[in-house]
Amino acid sequence: MASVALPMLDGAAPVIGHLAQFFRDPVSVLKRGYRTRGHLFALNLMGRRMNVMLGPEHNRFFFEETDKLLSIRESMPFFLKMFSPDFYSFAEMDEYLRQRSIIMPRFKAASMKQYVPIMAEESLNLVGRLGEEGEFDLIPTLGPVVMDIAAHSFMGREFHDKLGHEFFDLFRDFSGGLEFVLPLWLPTPKMVKSQRAKKQLHRILQSWIDKRRSAKLDPPDFFQTMIESKYPDGRPVPDEIIRHLILLLVWAGHETTAGQVSWALADLIQNPAYMRVIRDELATVMGGSEGHDLGWEQAIAMEKMDLALRETERLHPVAFMLSRKANADIDRDGYHIRKGDFVLLAPSVSHRMEETFRKPDAYDPERFNPANPDAQIESNSLIGFGGGVHRCAGVNFARMEMKILLAVLIQHYDMELLDEVKPIAGAGTYWPAQPCRVRYKKRVLDASAGADIATLARAAGCPVHS
Amino acid sequence: MAKVTFIQPDRTSRTCVNFEGMTLMHLAVGNLVDGIDALCGGMMQCATCHCYIAPEWLDRVGVAPEDERTMLEAIEGVEVRPNSRLSCQVQLGEELDGLVVEIAADQPGIQA
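Notes on the structure follow.

Criteria and cut-off values
Residues numbered from 1 in each chain as written. Chains lettered and ligands numbered in written order. Predicted model: local features only at pLDDT ≥ 70, side-chain atom pairs only at ≥ 80, totals over all residues. Heavy atoms only, no water. Contact = heavy atoms within 4.5 Å. Buried area = accessible area lost by both parts, 1.4 Å probe. Salt bridge = Lys/Arg side-chain N within 4 Å of Asp/Glu carboxyl O. Polar contact = N/O pair within 3.5 Å; in protein donor to acceptor, adjacent residues only side chain to side chain. Helix = DSSP H or I, 4+ residues; strand = E, 2+ residues; numbered from the N terminus. Nonpolar A, V, L, I, M, F, W, Y, C, P; charged D, E, K, R; others polar. Patch = residues over 30% accessible without salt bridge, like charges linked within 9 Å, V, L, I, M, F, W, Y side chains within 5 Å. Areas by Shrake-Rupley, 256 points an atom, 1.4 Å probe, with all protein chains shown as cover. Lys, Arg positive; Asp, Glu negative; His and termini not counted. Charge placed at Lys NZ, Arg CZ, Asp CG, Glu CD. Buried < 20%, exposed > 50% of the residue type's maximum accessible area, 1.4 Å probe, protein only.

Many structure descriptions define interface size as the accessible area lost when the parts assemble. With 34 residues of chain A in contact, the opposing surface of chain B contributes 28 residues. For the chain A and chain B pair, buried surface summed over both sides reaches about 2700 Å², with 63% attributable to carbon and sulfur atoms. Between chain A and chain B we count one salt bridge in total. The residue Lys113 of chain A makes a salt bridge to Asp34 of chain B at a minimum N-O spacing of 2.6 Å. Applying the counting criterion to the chain A and chain B interface returns two residue pairs in polar contact (both at pLDDT 80 or more). Mapped onto the side of chain A that touches chain B, the elements with two or more residues apiece are helix H5 (93-103), helix H6 (109-130), helix H14 (296-301), helix H15 (303-315) and helix H17 (395-412) of chain A. At five residues, the largest contribution of residues to the side of chain A that touches chain B is made by H5 of chain A. Counted by class, the side of chain A that touches chain B contains 23 nonpolar, four polar and seven charged residues.

All names here are of chain A. Where like charges cluster on the molecular surface, the positive patch consists of Lys81, Lys193, Arg196, Lys199 and Arg203. At four residues, helix H10 (residues 189-214) tops the list of elements feeding residues into the positive patch. Tracing the chain through its elements places Arg196 in helix H10.

Residue and element names in this part refer to chain B. Checked against the element boundaries, Ile36 lands in the loop between helix H1 (24-30) and strand S3 (50-53). By relative accessible area, Ile36 is classed as buried at 0%. When the C-alpha atoms of Ile36 and His26 are compared, they prove to be 9.2 Å apart, with 10 residues separating the residues in sequence. With sequence-adjacent residues up to four places away left out, Ile36 is seen in contact with Met25, Ala28, Val29, Thr48, Cys49, His50, Cys51, Ser87, Ile103 and Gln107.

Structure representation (structure tokens):
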């Protein structure tokens, strides 16, 4: 059986290939590939062959073959510069699992339940800062809240209190190192800033670690537990790894979420019919309360909010591209991929394919409602959080905090958009471009209680409560 | 639509709806169901997502294949039964709509 290379997208320039276009607006290049070549096509980035696969079948293949035919370790070199070659997904599998076991307990149900009051508290702090009426810019306003939630939840109140504007700005600079296209040795201002911020962040974290070692917290909080953690053979986890883990949690916990929650709010403001559906749900779940007592059971009961978040994830996946490197030659659907080539998934394109999602450009959260007989919930079709074993470990945390932040804002404010919402072309993650301002005005709340949990559970079809 | 009911050791239970064709583990963790720890995140490396499939569903879910059986049998301090599965290895689909699962009393394995 003859195997040919994936069809190359046209318009490649000599030497650099599609690099310039990809750098300017990667999503438009990927969309053009789909339009002109279909589900399987290739790009040329400075001589590197990038094979793009689209659709649930290929998504499944990509996730199932990761750590087998496909390598994640070599696919994101920028990650190595921001962290280190011995860190997390980039370490040897054994080391990866050991490091993962240090942070995964943070995502257990028992832990998650404790974060909900924290998420509510930080969201209400924002309400306090916003006041009665005014304007705010989405990313600069919601970004710090999301970072505060991550720091407070994962590292504890003390950590959170220490974070100030300096930390947030350092993180912004650090995040600028998420460079996929240009060679990493190129000393662009962004790369230089990112490396400088990285050093500064590590210095700050080490000083906190040292202080804690000399004055332990008893009972220990998560930070203390982390500092004292040991590998199965009894070796203490090195300080460097601990610093990387903290940075990873706080960075991953805000970089993508800030963008996603901003899109979600913009989507709802632009779709008043569904905003009403959300308001009705909040009236049931929260009543007229301000949200100070918001608990996990109420958060779980917000199913319409779940649907809205999934629709935003579909329309505006902030991680718009996933990449791997082929560990061996691969033959797929009559095409041949060479060992050493890159293989890419493009959520931003596959989420908009007509054969996977009816009316793909329309905002329709109910398309995900499992109560609909033709609900579009085929596995591996929605891949905003990746899939397979390396699927985002923070997916539930992210969804929970977005739910709560949105619930609190929508409960407290009527809002309208003042700017057109556009994605930033060429960004590492796909945020709405700034400014993206919202005008807000306080609603009057009557402080009535929401439905009780049993009522909510009955409504959800729980057999015990029916 | 796949609805799955999780029953706790104290006989309380919750029913969760599967949105995304995910694994049983992801459904539990995403819905804050206590007792599924999934400390390795779904890589069949830690056995802390252990659960018991209700016997009447075992045919449709299937017993644990050999690799998974090995992981299960390595668990200490928790009763492993013929209907034990690692929930990170159970893919949910329409055919499992109505599935009932019992949560184990403990999840040893990697300690928090």
